[in-house]
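# Breakdown of the fold
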Amino acid sequence: QVQLVESGGGLVQAGGSLRLSCAASGTPFSINAMGWYRQAPGKQRELVAHILSGGSTNYAESVKRRFTISRDNAKNTVYLQMNSLKQEETGIYYCRTERLDVPGVTNWGRGTQVTVSS
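Below or above, wherever it landed, is the structure these notes cover. (Residues numbered from 1 in each chain as written. Predicted model: local features only at pLDDT ≥ 70, side-chain atom pairs only at ≥ 80, totals over all residues. Heavy atoms only, no water.)

Moving on: the overall build of the protein. Across its full length, the protein carries 0 helices and 11 strands. Against the globule reference of 13 Å for 118 residues, the protein gives a C-alpha radius of gyration of 14 Å, in line with a compact fold. Dimensions along the principal axes, computed over C-alpha positions, put the protein at roughly 45 × 25 × 25 Å. A burial count over the protein gives 40% of its 118 residues as buried. Contacts spanning at least 24 positions in sequence make up 55% of the contacts within the protein whose residues lie at least 6 apart. Across the protein, the mean location of the 13 positive side-chain charges is 2 Å away from that of the 8 negative side-chain charges. (Helix = DSSP H or I, 4+ residues; strand = E, 2+ residues; numbered from the N terminus. Rg over C-alpha atoms; globule rule 2.2 N^0.38 Å. Buried < 20%, exposed > 50% of the residue type's maximum accessible area, 1.4 Å probe, protein only. Contact = heavy atoms within 4.5 Å. Lys, Arg positive; Asp, Glu negative; His and termini not counted. Charge placed at Lys NZ, Arg CZ, Asp CG, Glu CD.)

Glancing now at the sheet that holds strand E3 (residues 18-25). One open sheet holds the 4 strands; their spatial order is E1-E3-E8-E7, and the pairing between them is antiparallel. Since the sheet does not close on itself, it has two edges, and those belong to strand E1 (3-7) and strand E7 (67-72), each with one partner. Ignoring strand direction, the axes of neighbouring strands in this sheet form an average angle of 15°. Note that E1 and E3 share 5 bridges and pair antiparallel. Considered in E3, the bridge of Gln 3 is made with Ser 25. (Pairing = 2+ DSSP bridges. Axes fitted to C-alpha atoms, helices over the stretch in contact; angles between N-to-C directions.)

Let's shift gears to the pairing of strand E8 (residues 77-82). Across the 6 residues that make up E8, a large majority, 5, are buried. When E3 meets E8, the two strands line up antiparallel, connected through 6 bridges. Bridged to Ser 21 within E8 is Tyr 79. Pairing of E7 with E8, which is carried by 6 bridges, proceeds in the antiparallel orientation. The partner of Ser 70 across the bridge, within E8, is Tyr 79. Taking the residues that link successive antiparallel strands as the turn, the E7-E8 hairpin has 4 residues, and the phi of Asn 76 there is positive, at about 55°.

A few words now on the layout of surface pockets. Roughly 170 Å³ of internal volume is contained in the largest pocket. Along its surface, the largest pocket is lined by Val 2, Gln 3, Leu 4, Val 5, Glu 6, Asn 107, Trp 108, Gly 109, Arg 110 and Gly 111. The set of elements that each furnish at least two residues to the lining of the largest pocket consists of E1 and strand E10 (106-108). Sort the elements by how many residues they give to the lining of the largest pocket and E1 lands first, with 4 residues. (1 Å grid on protein atoms, 1.4 Å probe; cavity = no way out; pocket = protein on both sides within 12 Å on 5 of 7 lines; lining within 4 Å. Points joined across faces, edges and corners; volume = space filled by probe spheres on them.)

What follows is the structure in structure tokens.
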């Protein structure tokens, strides 16, 4: 059974930083693509950052140069370092894993709340 457990969310002032973690189990983490998504209140879930098994990354334009996604395959964990946070980045942040060896197999975590105050 695949489990993704996010942590590290919380309340932070605009301009502050948070580091999110997502611990995975029950899936071959080292060969999976991993992603962080955000769902703001009343909006659709959107991609924030994505990292492939080899470490290649891509980011939503709005977070480039402020957010960094990374992974530790030894710990089956993916991270999202968020700096210079903005109020509009408030939302629930979800971790997603995608099996690259079995196309179409994806799993989601339950999310962690990030609230950025003014």
